[in-house]
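# Observations on the three-dimensional arrangement
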Amino acid sequence: MELPAANDNVNLSAYRPNLPLSVLNGKASSGGFVESDYYQSYSDGSSVASRASGALTGYETLDAPPHYDFYANTQAWGRRRRFRPSLIQLHGNPEDDSQPPMYEEMNAGQTGDTSEEDEEEPKEPPAEPTRFGWVQGVMIRCMLNIWGVILYLRLSWITAQAGIGLTWVIILVSSMITGITGLSTSAIATNGKVKGGGTYFLISRSLGPELGGSIGLIFAFANAVAVAMHTVGFAETVVDLMREHGAVMVDRTNDIRIIGIITVTCLLGISMAGMAWESKAQILFFLVIMVSFASYIVGTIIPPSLEKQAKGFFSYKAAIFATNFVPNWRGPEGTFFGMFSIFFPSATGILAGANISGDLRGISASCVNFYSGSCVVRDASGSLNDTLASSTPMESCVGLSCQYGWDFSECINNKTCTYGLSNYYQTLSMVSAFAPLITAGIFGATLSSALACLVSAPKVFQCLCKDHLYPLIGFFGKGYGKNQEPLRAYLLTYIIASCFIIIAELNAIAPIISNFYLCSYSLINFSCFHASITNSPGWRPSFRFYNKWLSLLCAVICVVIMFLLTWWAALIAIGVVIFFLGYTLYKKPDVNWGSSVQASSYNLALNQCVGLNLVEDHVKNYRPQCLVLTGPPSSRPALLDLVNCFTKNLSLMMCGNVVTTGSSPSVLEKASSNRHVSWLNQRKIRSFYRGVVASDFRCGVNMLLQGAGLGRIKPNVLLMGFKKDWRSDSTLAANNYIEILHDAFDLQYGVCVLRMKEGLDVSNPPQSHVNQGFDGGPENSDITSPASLVRTSTTSSITVELEPQPTTVFQKKQGKRTIDVYWLSDDGGLTLLLPYLLTRRKRWARCKVRVFVGGEIDKKDEQKEEVLSLIKKFRLGFQDVEVLPDIYENPQPVNVQHFESMIGRFRLDPNPKQDSDSDSDPPRQQEAPWMITPQDLERNMAKSLRQIRLNEVLQDYSRDAALIVITMPVGRRGVCPNSLYLAWLDILSRDLRPPVLMVRGNQESVLTFYCQ
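I will try to describe carefully the structure that is included in this document. Computed from a predicted structure; not experimentally measured.

## Focus on the packing of aromatic side chains
Throughout the structure, instances matching the rule amount to 30 aromatic pairs. A centroid spacing of 5.8 Å and a plane angle of 45° characterise the contact between Tyr 470 and Tyr 583, whose relative ring orientation is tilted. One end of the pair, Tyr 470, is in the loop between α20 (435–466) and α21 (487–501); the other, Tyr 583, is in helix α24 (residues 567–587), with 113 residues separating them in the sequence. Since its relative accessible area comes to 23%, Tyr 583 is described here as partly exposed.

Have a look at this one:
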């Protein structure tokens, strides 16, 4: 074909497909979506494809331009989702009428009549859940979590205990942890589209379900307990107000419990009303807190009244700042880490807005710490009568207040002071310019934080339930309404919060939360580090201002602080993580999130495989790495189960399948279908699967023999089923079966052939991909195909359902039976090694291994001791050895006659009728190299008679064995015809009740009695 020259003014725009507007913008046209327009947009009359071919099949396409729909998992309402043309559509033969499998899968329900679908489509778009911007959804929620109960009710008390200096250290450490965690969270959150579930979603999609699931439970539980903490703070304030006005219901503790339960019940009603109501309430609380905080700052500047001075407030004084700068530990919580554990829950607002919360928390807490520590003394009585009299000597006055005209010596000495930083939790209210504003701020802070935790805990738990990682919790994942509110999870959170409200002590609840949050922060930072260190191409966060080593350092610091705070709570948190980690590893839930654990597994496996190339193989480390010719694995489960017995958790097992029916898309899909791997996983067989498409069976097996494996992780033993129907099948098929054995020997493979009386093939005819070279099924089977080596079905449909899981004899416990090993020829020790590996399995452990060897009758005892000594040096533990001198006797004539009738079809007529003047080659060399000439039969007569005799010996000695393992004879190329060799294998293993495994190593040692 002559191409147009550059100056011929070819208009390339004529070759551009005219895309309909409805396709370009993704919207339906006025008349509805016309599906033909979609396909014609890539194959219309002006396209190159249509110019090259006059026949249109409906899905030959040009390359589609990039589009959002090609990468999205969902579609917008009101338009159909577009699909990227598959590679089959782009390069496949347009005359081929068969639709490729991926085409059917991607466009299911979109290639036919869509009238019914159009009628069933909803007339109106589905209701959108409530969405919030960064101000309402991030900043406000973050600030409300930071300016919470700890800031209002405990920060001044922490300052009195730890002093201003150490309180700044506490704030600095918390700022560092939350700041680095915020950077890590931002990196993870910008590495893809984040859905609901918060911390759980970030960790689980980054580290995988193993750690993500356990942290989801811990974080949801911590939020539920946080509801109790904030509610108890609110109840404390209400009870203090009631006591100031002389109102008491029962006592202080029970009053806190009663008010707390009533409060959390009201909050539950607000949260269940929906996210919109909860958001409006948060805005109101935020405004109240801002006003109250301004009132507090103004109050520190206004000169104090006598009432405030009596309670220890003297405005800004350098002496008060200097005294309060150093710690003054009091009570059982009077330690640095005790104060840290109480303060740290205020830092949990980082997860509500990772980009700004680290700075906000540090600023606000430092301000309150500085203002309170510079203005209020640690101890005060609150009595106006405790002014310092002029007659009182200064030496007898105790405390810093003496410098300002107040004498609190009596309550200080008696430790009965009720005011001051160390004794009065409502210090902010006392210092404020207008105390009711602080009270309102406390109400807003505690209620907003409690409401935020009451909403977040069920949402996290709902996301965990929907992932179906653990049993019995799916009940709580059901959503209601347009926002899919988890009402059942709300009730569970309410119950947990109510249980902790009964504790009624804020200082006892806060340390419990600290450990759980530190555990979550540790894993968030580790997630960021792990995702970065794996160098996965999928790790591309938009947020670049993070450092993987800082994330790792922060993760370690979090774990250390957990144990320094409360060692038993740290053990509980870590124990929960380990328990659910083990459960998830054991159950292996069917989820795939592309986690960093998967990426690191790949890196580790790749590095280990490459590292093996640096070390030479050693006989002590020999492992039978098996290539098992199974066809579809579900068709020969007995062969798989036997091989699995000596490869599970020990060595490589790879199932091979050869398909010889062309290279159409459907055939390629069947050969490489994940259905086979799923079947293996369902059967709990640890094996790889490799399917190939080849022109013939032998060629495909050669591809597997030479190409299977990676580096030193490659097969060295070929296992296959015995071809029972070799006499009724085509002679070409029988010849190729033996040629595969020769090919394996040429490639230095060990070879094992399994034969069972009932056959290996359990598939029902017609069965796809059944390679007759593996096993022809039962001897009376009428499933023959002389023209081919592989049976395949003509259907092109994809079977989604897995094949059944039949039970085989190798899955059962064998009891006190025997494994009879006929070590007749030394093949390097593989004939002994495989039975030894079998006895290491529980189901074979009680079996007794008997070793049979050939020998002479007059030297029987000597030969037995010699073999026993050799086996003892191999440390195999086999004690029963028997010498068989009768294997060299002649077989019975009836069995010889049976053997001759077996090979009769393949014997070449010594006197064929042919023209006397013909000088062509003999028929065997010209047409049938597998045929047996009289010279071949005479040359191999001794070996033939020995195989017949061995079968008689097996009938006598091993009739009741659980398994017979026997050294497989080897037929020499060019000397032993393939049909004769196959007859040897047949006569050797015929009419035996136990399974027979014929083994031949590659004549290299796989056993050694040396230590190096």
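## A word on the sheet that holds strand β9 (residues 848–854)
If you walk across this open sheet you meet the 10 strands as β3-β2-β1-β4-β5-β12-β11-β8-β9-β10, and the pairing is mixed. With one partner strand each, in any of the chains shown, β3 (688–693) and β10 (880–884) form the two edges of the open sheet. Ignoring strand direction, the axes of neighbouring strands in this sheet form an average angle of 20°. Each of β1 (626–629), β2 (653–659), β4 (717–721), β5 (750–755), β11 (963–967) and β12 (996–1000) is contacted by helix α26 (residues 637–647), which is oriented at about 175° to β1, the strand it contacts most.

## What to know about α26
Burial analysis of α26 places 11 of its 11 residues in the buried class, which makes it a mostly covered element. Within the span of α26, buried status applies to Pro 637, Ala 638, Leu 639, Leu 640, Asp 641, Leu 642, Val 643, Asn 644, Cys 645, Phe 646 and Thr 647. The positive-phi residue at the C-terminal boundary of α26 is Asn 649, with phi of around 60°.

## Section: the state of the cysteines
By definition, a disulfide is the covalent link that joins the sulfur atoms of two cysteine residues. With the rule as written, the count across this model stands at 1 disulfide. Shown here is the disulfide that connects Cys 411 with Cys 417, its sulfur atoms set 2.0 Å apart. The sign of the S-S torsion, about 80°, decides the handedness of the disulfide formed by Cys 411 and Cys 417: right-handed. The buried category is assigned to Cys 411, whose relative accessible area is 8%. Among the residues examined, Cys 417 registers a relative accessible area of 10% and is labelled buried. Left unpaired, Cys 558 is separated from the closest cysteine sulfur, that of Cys 554, by 4.2 Å.

## Description of the packing of helix α22 (residues 506–533) against helix α23 (residues 548–565)
Running from amino to carboxyl end, α22 crosses α23 at an angle of 155°, the nearest separation of the two axes being 8 Å. Classified by the interaxial angle, the pair formed by α22 and α23 is roughly antiparallel. Considering how the two elements wind past one another, α22 and α23 form a crossing that is left-handed. In this structure, α22 uses Ser 514, Asn 515, Leu 518, Cys 519, Tyr 521, Ser 522, Asn 525, Phe 526, Cys 528, Phe 529, Ser 532 and Ile 533 to contact α23, whose residues at the interface are Lys 548, Trp 549, Ser 551, Leu 552, Cys 554, Ala 555, Cys 558, Val 559, Ile 561, Met 562 and Leu 565. Looking at side-chain class alone, the contact of α22 with α23 contains 16 nonpolar, 6 polar and 1 charged residues.

## Looking at the side chain of Ser 214
Position of Ser 214 relative to the elements: it lies in helix α11 (residues 209–244). Discounting chain neighbours no more than four positions away, the residues touching Ser 214 are Tyr 470, Val 576, Val 577 and Phe 580.

## Side note on the pairing of β4
The element β4 is extensively covered by neighbouring structure, given that 5 of its 5 residues are classed as buried. The alternating pattern of β4 places Val 717, Leu 719 and Gly 721 on one face and Leu 718 and Met 720 on the opposite face, and all of these are buried. Sheet topology note: the β1/β4 ladder contains 3 bridges and is parallel. Looking at the pairing, Cys 626 lines up with Val 717 of β4. In this structure, β4 lies alongside β5, joined through 5 bridges in parallel fashion. By the bridge assignment, Leu 718 is partnered in β5 with Val 751. Crossover connection from β4 via helix α30 (residues 731–746) to parallel β5: handedness right-handed.

## Examining the nonpolar core
Among the nonpolar cores identified, the biggest contains 122 residues, and Tyr 152, Ile 177, Met 229, Phe 344, Phe 461, Leu 464 and Leu 518 are the most heavily contacted of them. Counting residues per element, this core draws most heavily on α11, which supplies 17 residues. Dropping the residues within four chain positions of it, Phe 461 is found in contact with Leu 217, Ala 220, Ile 473, Phe 476, Ala 489 and Leu 492. Grouped together as the second largest cluster of nonpolar side chains are 59 residues, Phe 697, Trp 930, Trp 984 and Leu 988 included.

## Brief notes about the pattern of salt bridges
The final tally for this structure, using the stated rule, is 24 salt bridges. Here Lys 848 ties to Asp 880 by a salt bridge, and the two come within 3.0 Å at their closest N and O atoms. In this pair, Lys 848 sits in strand β9 while Asp 880 sits in strand β10, placing the two residues 32 residues apart along the sequence. Judged by its relative accessible area of 45%, Lys 848 falls in the partly exposed class. Overall, the relative accessible area of 21% leaves Asp 880 in the partly exposed class. Here the residues in one salt-bridge network are Arg 698, Glu 739, Asp 743, Asp 746 and Arg 973, joined through shared partners.

## Thoughts on the environment of Asn 716
Looking at the element boundaries, Asn 716 is found in the loop between α29 (697–707) and β4. For Asn 716, a relative accessible area of 18% translates into the label buried. For the pair formed by Asn 716 and Tyr 749, sequence separation is 33 residues and the distance between their alpha carbons is 5.0 Å. Contact partners of Asn 716, with chain neighbours within four places excluded, come to Tyr 622, Arg 623, Pro 624, Gln 625, Gln 748, Tyr 749 and Gly 750. Only 3.1 Å separates the side chain of Asn 716 from the backbone oxygen of Arg 623, close enough to count as a polar contact.

Reading the values: rules and limits
- Residues numbered from 1 in each chain as written.
- Predicted model: local features only at pLDDT ≥ 70, side-chain atom pairs only at ≥ 80, totals over all residues.
- Heavy atoms only, no water.
- Phe/Tyr/Trp six-rings, centres within 6.5 Å; stacked < 30°, edge-to-face > 60°.
- Helix = DSSP H or I, 4+ residues; strand = E, 2+ residues; numbered from the N terminus.
- Buried < 20%, exposed > 50% of the residue type's maximum accessible area, 1.4 Å probe, protein only.
- Pairing = 2+ DSSP bridges.
- Axes fitted to C-alpha atoms, helices over the stretch in contact; angles between N-to-C directions.
- Contact = heavy atoms within 4.5 Å.
- Disulfide = S-S within 2.5 Å.
- Parallel < 35°, antiparallel > 145°, perpendicular 65-115°, else oblique.
- Left-handed = near helix turned anticlockwise from the far one by under 90°.
- Nonpolar A, V, L, I, M, F, W, Y, C, P; charged D, E, K, R; others polar.
- Right-handed = clockwise from strand over helix to strand, strands pointing away.
- Core = buried A, V, L, I, M, F, W, Y, C linked by side-chain atoms within 4.5 Å.
- Salt bridge = Lys/Arg side-chain N within 4 Å of Asp/Glu carboxyl O.
- Polar contact = N/O pair within 3.5 Å; in protein donor to acceptor, adjacent residues only side chain to side chain.

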